[in-house]
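Working through the structure, step by step
Residues per chain, in single letters:
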2 protein chains.
Amino acid sequence: MARFFMAGTNIKDGRAIIRGQDAEHIRVLRMRPGEDVVICDGQGTDYRCRLVSSAPGEAEAEVLEVVPCRGEPGVAVTVYAGLPKGERADFLVQKCVEAGASDIVFFNCERCVARPDGRSMEKKLERFCRIAEAAAQQSGRGRIPEVRYEHNYVEMLNLSMKAEAGLFMYEKGEGRVPMKQAIESAGSFKTAAIVTGPEGGFTEAEARMAKACGLTLCSMGERILRCETAPVIAVSAVMYATGNL
Amino acid sequence: MARFFMAGTNIKDGRAIIRGQDAEHIRVLRMRPGEDVVICDGQGTDYRCRLVSSAPGEAEAEVLEVVPCRGEPGVAVTVYAGLPKGERADFLVQKCVEAGASDIVFFNCERCVARPDGRSMEKKLERFCRIAEAAAQQSGRGRIPEVRYEHNYVEMLNLSMKAEAGLFMYEKGEGRVPMKQAIESAGSFKTAAIVTGPEGGFTEAEARMAKACGLTLCSMGERILRCETAPVIAVSAVMYATGNL
């Protein structure tokens, strides 16, 4: 069934007025009165609606049912990822949203190759947000994950350590625990932070700082994962462990 | 550390003679005598070697240590995937190999959009095998996963039901269990089959056949996953569950 986020929609007295891009999308899909659509408020609630009319720029639907969105996982996982180059970042956003990530924060660190200036980062973020919205819509998520950028590594650590379970993926060194052990030791949690590095990984100093901030240094099975693959696998593991798969 | 598969290498009396592409690769990497490389036999054993000489077309190294490859998971997961279109298939191969899949079998089914003829499938498979080899090398796997094609759906089911844990990912319908429940009910296993559909998913008849063959119909958290994403997430979940993450 077609799903839309609320952006262009006004719901009042059991009627949904759909405007802008979404109304256009309904026309492109050649949907007819009588067909059902789901309109999601972006806060985890779905409005199941039946189309009443579709005209250029505006469609109208009748609200049949208001239900919690089933595609929204019960755990909020924020992905903190060292900003990768080019298409890897697009991929990371799309797949982490599908896998169920709550938000994505790209950050800058010592071995980041991509170091966009303010203007170019702004453009990148616009692009990432569009990818996140499309992926959320397509996969039936109940909210659109936010994508942000944090240029300060220490500030990123400050943010990530607020989660109940803070996991720092590190590909080498002593003192790491398997990711499974880290997740199981965290007990029951509703918020998690997954921190992954850029193409060149983290420096030892960065890993030490993360540990000092209370994050758990984790290994991921001794395979070397690409920087855009690691967060997708880590989010999947957390979803599995918390009963969301 | 640079890793190579054995293909062009001859190991004898503690010396490794590296020829062909791998010798060329060593030159491109500008590796010098005294640097270490790992040569993997593709059967799960790593030869840690120190470069003695590097010339056009041939390099020589001394074997320092013979160790089991740590990047090879302890469970053999074969991915059976309805053949997707275009780049989605490339992605699926690369990411499933990184995630730890043992082998990948693409198959044909009712809603497959991609239906290559014999000659074009042969070319596709050559390409997939190259992608699998590169991903295995890069991620430190101990063997190169095979990529095959099975045009007969029933034959694919026959193959997949031989695994100790057979999981059939189905995006709708009654009688499915959450993937986590399916994996936990399977108890301890060393082989698993993960079956995922093409872009349009499986038909009801196909799902019924799978169930009749003893595969467990699984849901994956009520999110609609793209056909190239679902197997990566499912492999990650199995790796997590079996202590390989």
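Keep in mind the model is a prediction, meaning the values are calculated, not measured.

1. Some thoughts on the domain arrangement of chain A
Residue and element names in this part refer to chain A.
- Looking at chain A, the domain boundaries give domain 1 (2-68) and domain 2 (76-241).
- Broken down by element, the side of domain 1 that touches domain 2 gets its largest block of residues, 3 residues, from strand S1 (residues 2-5).
- Among the residues making up the side of domain 1 that touches domain 2, the classes are represented as 3 nonpolar, 3 polar and 1 charged.

2. Let's talk about the sheet that holds strand S9 (residues 146-150) of chain A
Residues and elements named next belong to chain A.
- Pairing is parallel in the open sheet, where 7 strands are placed in the order S9-S8-S7-S12-S10-S13-S11. If you trace the sheet from one side to the other, it starts and ends with S9 and strand S11 (177-178), each paired once.
- Together, strand S7 (76-82), strand S8 (103-107) and S9 form the strand contacts of helix H2 (residues 86-99), whose direction differs from that of S8 by roughly 160°.

3. Here we look at unusual backbone geometry
All names here are of chain A.
- Positive phi, normally seen in glycine, also occurs at Asp13, with a value near 50°.
- Within the secondary structure, Asp13 is located in the loop between strand S2 (9-12) and strand S3 (15-19).
- A tally of 5 C-beta atoms within 10 Å means that Asp13 is categorised as exposed.
- One non-glycine residue with positive phi stands out, namely Glu222, at about 65°.
- Relative to the elements of secondary structure, Glu222 occurs in the loop between strand S13 (216-219) and helix H7 (230-241).

4. Description of the sheet that holds strand S11 (residues 177-178) of chain B
All names here are of chain B.
- Taken in spatial order, the 7 strands make up an open sheet running S9-S8-S7-S12-S10-S13-S11, and their pairing is parallel. Looking along the sheet, the strands with just one partner apiece sit at the ends: strand S9 (146-150) and S11.
- In this fold helix H2 (residues 86-99) packs onto strand S7 (76-82), strand S8 (103-107) and S9, with an angle of close to 160° to the strand it touches most, S8.
- Those strands touched by helix H7 (residues 230-241) are S7, strand S10 (165-169) and strand S12 (191-196), and its axis lies near 155° from that of S12.

5. What to know about the interface of chain B and chain A
- Of the residues lining the interface, 32 residues belong to chain B; the matching set on chain A comes to 32 residues.
- Listed by contribution, the elements that provide at least two residues to the side of chain B that touches chain A are H2, helix H3 (118-139), helix H5 (179-185) and H7 of chain B.
- Take the side of chain B that touches chain A: its biggest share by element is 7 residues, from H7 of chain B.
- Among the residues making up the side of chain B that touches chain A, the classes are represented as 14 nonpolar, 10 polar and 8 charged.

6. Regarding the environment of Pro73 of chain B
- Among the secondary structure elements, Pro73 of chain B is positioned in the loop between strand S6 (58-68) and S7.
- Since 22 C-beta atoms lie within 10 Å of it, Pro73 of chain B is described here as buried.
- Sequence separation of Pro73 of chain B and Met239 of chain B is 166 residues, and the distance between their C-alpha atoms is 7.6 Å.
- The residues contacting Pro73 of chain B, other than those within four sequence positions of it, are Gly221 of chain A together with Gly100, Met239 and Asn244 of chain B.

7. Let's talk about the packing of H2 of chain A against H7 of chain A
All names here are of chain A.
- Running from N to C, H2 and H7 point in directions that differ by 5°, and their axes come no closer than 9 Å. What the angle tells us is that H2 and H7 run roughly parallel. Of the residues in H7, those touching H2 at Leu92, Lys95, Cys96 and Ala99 are Pro231, Val232, Val235, Ser236 and Met239.

8. Overview of the relation of the copies chain B and chain A
- Mapping chain B onto chain A calls for a screw motion: a turn of 180° about the axis and a shift of 0.0 Å along it, with 0.1 Å RMSD after fitting. The two molecules are tied by a two-fold rotation axis, judged by turn and shift. Judged by C-alpha distance, Ala237 of chain B is the residue of chain B that lies nearest the rotation axis, at 2.8 Å.
- When the interface residues of chain B are mapped onto chain A, 100% of them again lie at the interface, so the same face is used by both copies.

Rules behind the numbers
Residues numbered from 1 in each chain as written. Chains lettered and ligands numbered in written order. Predicted model: local features only at pLDDT ≥ 70, side-chain atom pairs only at ≥ 80, totals over all residues. Domains from an automatic or database assignment. Helix = DSSP H or I, 4+ residues; strand = E, 2+ residues; numbered from the N terminus. Nonpolar A, V, L, I, M, F, W, Y, C, P; charged D, E, K, R; others polar. Pairing = 2+ DSSP bridges. Contact = placed C-beta atoms within 7 Å. Axes fitted to C-alpha atoms, helices over the stretch in contact; angles between N-to-C directions. Buried ≥ 20, exposed ≤ 12 C-beta atoms within 10 Å, placed from the backbone. Parallel < 35°, antiparallel > 145°, perpendicular 65-115°, else oblique. Least-squares fit on C-alpha atoms with pLDDT ≥ 70 in both.

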